[in-house]
Amino acid sequence: MRRNAFGQLYHAPWGRTASRLTHRVLRGIERLAARGRGPLARLAVRYLVRGMVTGHRYTDAEPVLRTLYDARDPRVAELARSGLDRAWSAGGDARTGVWQGMWLLARGDGHHWGRLDHLDGPLPAPARDLILAPDPAARHEPRVRLVAALDDGAGRAGLVVEAAVGHGDRELADVLARTDQPDLLDAVERAFVSGLTSSDRPLWTNELLLAVLRANPMLPRRPTEAGDDTDAALLAVVMDRFDLLDGHDDWQLYQRIEAALRTDPPTDVADRLRRALRRPGPMAEVVRRSAMGGNEEALAAWAETGGHTDDPRWRAAHLFWTRDWPGYDRHDPDGRLLREFLDGPPYEDRRITGMVYIAHRFREIAEEEGRPNPFPPPPPRPARPGSGDDDGRGGGSWPTSYTGDTGFGGHF
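Thresholds, definitions, all that
Residues numbered from 1 in each chain as written. Predicted model: local features only at pLDDT ≥ 70, side-chain atom pairs only at ≥ 80, totals over all residues. Heavy atoms only, no water. Helix = DSSP H or I, 4+ residues; strand = E, 2+ residues; numbered from the N terminus. Contact = heavy atoms within 4.5 Å. Areas by Shrake-Rupley, 256 points an atom, 1.4 Å probe, with all protein chains shown as cover. 1 Å grid on protein atoms, 1.4 Å probe; cavity = no way out; pocket = protein on both sides within 12 Å on 5 of 7 lines; lining within 4 Å. Points joined across faces, edges and corners; volume = space filled by probe spheres on them. Nonpolar A, V, L, I, M, F, W, Y, C, P; charged D, E, K, R; others polar. Axes fitted to C-alpha atoms, helices over the stretch in contact; angles between N-to-C directions. Parallel < 35°, antiparallel > 145°, perpendicular 65-115°, else oblique. Left-handed = near helix turned anticlockwise from the far one by under 90°. Patch = residues over 30% accessible without salt bridge, like charges linked within 9 Å, V, L, I, M, F, W, Y side chains within 5 Å. Salt bridge = Lys/Arg side-chain N within 4 Å of Asp/Glu carboxyl O. Buried < 20%, exposed > 50% of the residue type's maximum accessible area, 1.4 Å probe, protein only.

### Observations regarding the overall build of the protein
From N to C terminus, the protein includes 22 helices and 2 strands. A fraction of 56% describes how many contacts in the protein between residues 6 or more apart in sequence connect residues 24 or more apart. Summed over all atoms, the accessible surface of the protein reaches about 21,700 Å², with 49% contributed by carbon and sulfur.

### Here's the deal with the layout of surface pockets
The volume enclosed by the largest pocket comes to roughly 400 Å³. In this structure, the largest pocket is lined by 18 residues; those nearest its centre are Glu162, Val165, Gly166, Ala191 and Ser194. If you list the elements that add at least two residues to the lining of the largest pocket, you get helix H9 (157-166) and helix H11 (182-197). Class assignment for the residues of the lining of the largest pocket results in 7 nonpolar, 7 polar and 4 charged.

### Observations concerning the packing of H9 against helix H10 (residues 170-178)
Between H9 and H10, the least distance of the axes is 7 Å, while the angle of their chain directions is 120°. Judged on the interaxial angle alone, H10 and H9 are oblique. H9 and H10 meet at a crossing whose hand is left-handed. Of the residues in H10, those in contact with Val160, Val161, Ala163, Ala164 and Val165 of H9 are Leu172, Ala173 and Leu176. Of the residues in the contact of H9 with H10, the class split is 8 nonpolar, no polar and no charged.

### Observations regarding a nonpolar patch on the surface
On the surface, Leu32, Leu40 and Leu43 cluster together into a nonpolar patch covering about 280 Å² of accessible area. Its place among the elements puts Leu32 in helix H2 (residues 23-35). For Leu32, a relative accessible area of 33% gives the class partly exposed.

### Quick look at the packing of helix H16 (residues 283-292) against helix H17 (residues 296-305)
For the pair H16 and H17, the least separation of the axes is 8 Å and the interaxial angle reads 115°. Between H16 and H17 the crossing geometry is left-handed. Within the contact between the two elements, H16 uses Val287, Arg288, Ser290, Ala291 and Met292 and H17 uses Ala298, Leu299, Ala301 and Trp302. When the residues that make up the contact of H16 with H17 are grouped by side-chain class, the tally is 7 nonpolar, 1 polar and 1 charged.

See below:
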């Protein structure tokens with residue numbers, strides 16, 4: 001006699017018999033348990049459960065899980081569930097086998113562990129009921145087996161979130177809406193970021209994910225708690241939590257906000273994103289410089305707020321752009337500040353690639369309003385001695401000044 005992981009006695013020959021079973025025989029026993037009825041089917045499921053809880057190589061949790069999903073005899077399903085409960089309560093490898101086997105089967109394509117990165121379909125209801133059973137050992141809310149497994153480092157939090165918001169499982173989504181488990185919160189934030197760039201299911205069409213984000217009081221998190229500072233800050237904007245924006249990389253946050261505005265968000269979300277661009281603070285400088293790069297959202301924010309700066313050159317540019325001519329004439333009567341602005345620091349910022357476009361727009365405004373050109377044409381260059389400019393004939397230009405006898409005249 002030997003004792004198994006539960007302290008129960010069993011005959012030693014069982015171990016030798018199980019080790020000699022082939023996969024084909026085991027599958028036959030599994031089919032008998034799932035498709036049969038009565039005592040023989042119950043005997044088959046007990047055989048599978050016994051092999052699972054004693055940890056034999058040919059009998060893991062997957063046959064028992066499949067039997068639970070497919071059993072025609074309710075009593076067989078009860079025995080399978082009872083065996084899985086025992087394995088889960090035993091902890092260690094037995095519980096890990098149930099957890100990993102459940103997600104592997106949810107993939108729907110067999111034993112491809114390297115591809116266990118997403119679900120092909122919803123989590124079966126019996127599996128969901130199994131992991132949502134109460135577990136007082138969980139260290140986070142809600143105190144269910146799912147949370148207890150993640151607390152112990154079982155992983156697969158991303159699959160939990162996908163099962164909930166990707167396949168419409170409202171019971172799992174309710175867990176996400178109430179949880180404070182760090183791995184689940186990370187996975188929810190990643191789902192938010194992924195949805196911003198997803199073409200298959202854009203964030204704004206995933207009502208269940210948006211409901212989770214709005215309902216969970218732990219989201220958004222502060223930068224020190226979140227896995228990705230910038231993405232957490234974007235979530236803070238969407239959730240109208242501007243108090244969590246300080247301390248982020250302003251340039252990256254601006255880029256995230258501007259990209260999010262291009263995804264056609266709902267009106268209330270778009271309003272929050274635009275309000276973030278109009279806030280005073282460190283990001284105001286990024287918005288000003290992006291406006292000079294020709295970005296329409298940044299230009300609109302700059303035109304509305306003036307960029308929250310006391311720099312007289314920026315002030316002159318803003319007054320000119322908004323065509324506040326009384327204010328501009330008082331502030332920059334000779335146009336010097338505007339010329340310094342267009343010739344100065346914005347040009348030196350390598351992140352601004354559209355400054356030529358903005359300069360052109362300033363010229364257009366001047367023409368439309370009859371104002372002096374902020375970029376007057378430069379004076380003609382003085383003629384160089386011997387260049388041919390002084391006799392009106394011109395010196396030609398390479399390569400059109402080729403003479404045939406002397407080569408490229410004046411250049412070589």
